[in-house]
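Structure at a glance
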Amino acid sequence: MCSFIVLIPSVRIYNVNSHENKENALNEKVSASGSSPLTTHVLNSGDGVPAARLALSLHRLDSNLLIWNLLTVGTTNEDGRCPGLISSEAFTAGMYKLRFETGAYWERLGRTSFYPYVEVVFTISEPQQRFHVPLLLSRFSYSTYRGS
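Computed from a predicted model, the values in this text were never measured in an experiment. (Residues numbered from 1 in each chain as written. Predicted model: local features only at pLDDT ≥ 70, side-chain atom pairs only at ≥ 80, totals over all residues. Heavy atoms only, no water.)

What follows concerns the sheet that holds strand β9 (residues 142-144). Judged by pairing direction, the sheet is mixed, and its four strands sit side by side in the order β3-β2-β8-β9 without closing on themselves. The two strands at the open ends of the sheet, each matched to only one other strand, are β3 (49-50) and β9. Pairing between strand β2 (residues 38-44) and β3: two bridges, direction antiparallel. When the bridges of β3 are listed, L43 appears paired with P50. (Pairing = 2+ DSSP bridges. Helix = DSSP H or I, 4+ residues; strand = E, 2+ residues; numbered from the N terminus.)

Take the UniProt feature "binding site: substrate" (unreviewed entry) in the protein chain next. The UniProt record annotates "binding site: substrate" (unreviewed entry) at H41, R81 and Y145. Summarising the element assignment, R81 is placed in the loop between β5 (67-75) and β6 (94-100). In this structure the side chain of R81 is engaged in a polar contact, spanning 3.4 Å, whose partner is the side chain of H41. Its place among the elements puts Y145 in the segment after β9. The partly exposed category is assigned to Y145, whose relative accessible area is 44%. Excluding residues within four positions of it along the chain, Y145 makes contact with H132, V133, P134 and L136. (UniProt positions renumbered as here; feature names shortened; annotations may be inferred. Polar contact = N/O pair within 3.5 Å; in protein donor to acceptor, adjacent residues only side chain to side chain. Buried < 20%, exposed > 50% of the residue type's maximum accessible area, 1.4 Å probe, protein only. Contact = heavy atoms within 4.5 Å.)

Its location among the elements puts H132 in strand β8 (residues 131-137). The class of H132 is buried, set by a relative accessible area of 13%. Side chain to side chain, H132 and T39 meet in a polar contact 2.6 Å long. Beyond its immediate stretch of four places on either side in the chain, H132 contacts T39, T40, H41, R81, Y145, R146, G147 and S148.

On to the confidence of the model for the protein chain. Looking at the protein chain, pLDDT values average 83 and 77% of them are 70 or higher. In the model, residues 4-33 has pLDDT below 50 throughout and makes 45 contacts with residues more than four positions away in sequence or in other chains. (pLDDT = per-residue confidence, 0-100.)

Okay, the packing of aromatic side chains next. Overall, the coordinates contain six aromatic pairs when judged by the stated rule. When the ring of F91 is compared with that of Y96, the centres are 5.2 Å apart and the planes differ by 40 degrees; the resulting orientation is tilted. Measuring from centroid to centroid gives 5.0 Å for F114 and Y115, while their planes differ by 85 degrees, and the two rings are edge-to-face. Take F114: its relative accessible area is 59%, and that puts it in the exposed class. Here the basic side chain of R99 rests over the ring of Y117, its NZ or CZ set 3.7 Å away from the ring centre. (Phe/Tyr/Trp six-rings, centres within 6.5 Å; stacked < 30°, edge-to-face > 60°. Lys NZ or Arg CZ within 6 Å of the ring centre and 35° of its normal.)

Phi is positive for R53, which is not a glycine, with a value near 60 degrees. With respect to the helices and strands, the residue R53 is situated in the loop between β3 and β4 (55-62). On the basis of relative accessible area, R53 is assigned to the partly exposed category, the value being 44%. Backbone geometry places L66, a non-glycine residue, at a positive phi of 60 degrees. Structurally, L66 is set in the loop between β4 and β5. Classification of L66 by relative accessible area gives exposed; the value is 63%.

Written out as structure tokens, the structure is:
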């Protein structure tokens, strides 16, 4: 289950408890509200498992003031996903940042990590498209790419 504190009034968050029905239920609910154009999936590649309960936040750069505005904070679900990051209406062209609180994640597992957090910064020029930003994570490395 992905939990959120939502700072954009138009974002709707859905909690899906059943792993088997998660994808179908989420797709139905997101379709009804207009699906999130931005998704992420965090995998603990060192242990070969999803990175469950990892805190993250989504920010957008204010191009006039050159400061990051916090849009949403959340936690990955048991599958390492955090659906419903932003609504289609709020997703505009610009520069975004996903910040993953990796140090706290590893500490909760009783391990140390070289990276206290990971920030993935990306530019959206066509907000009508869908964007998937996965994070592959181990204690001493990480990798990301634009998924589909």
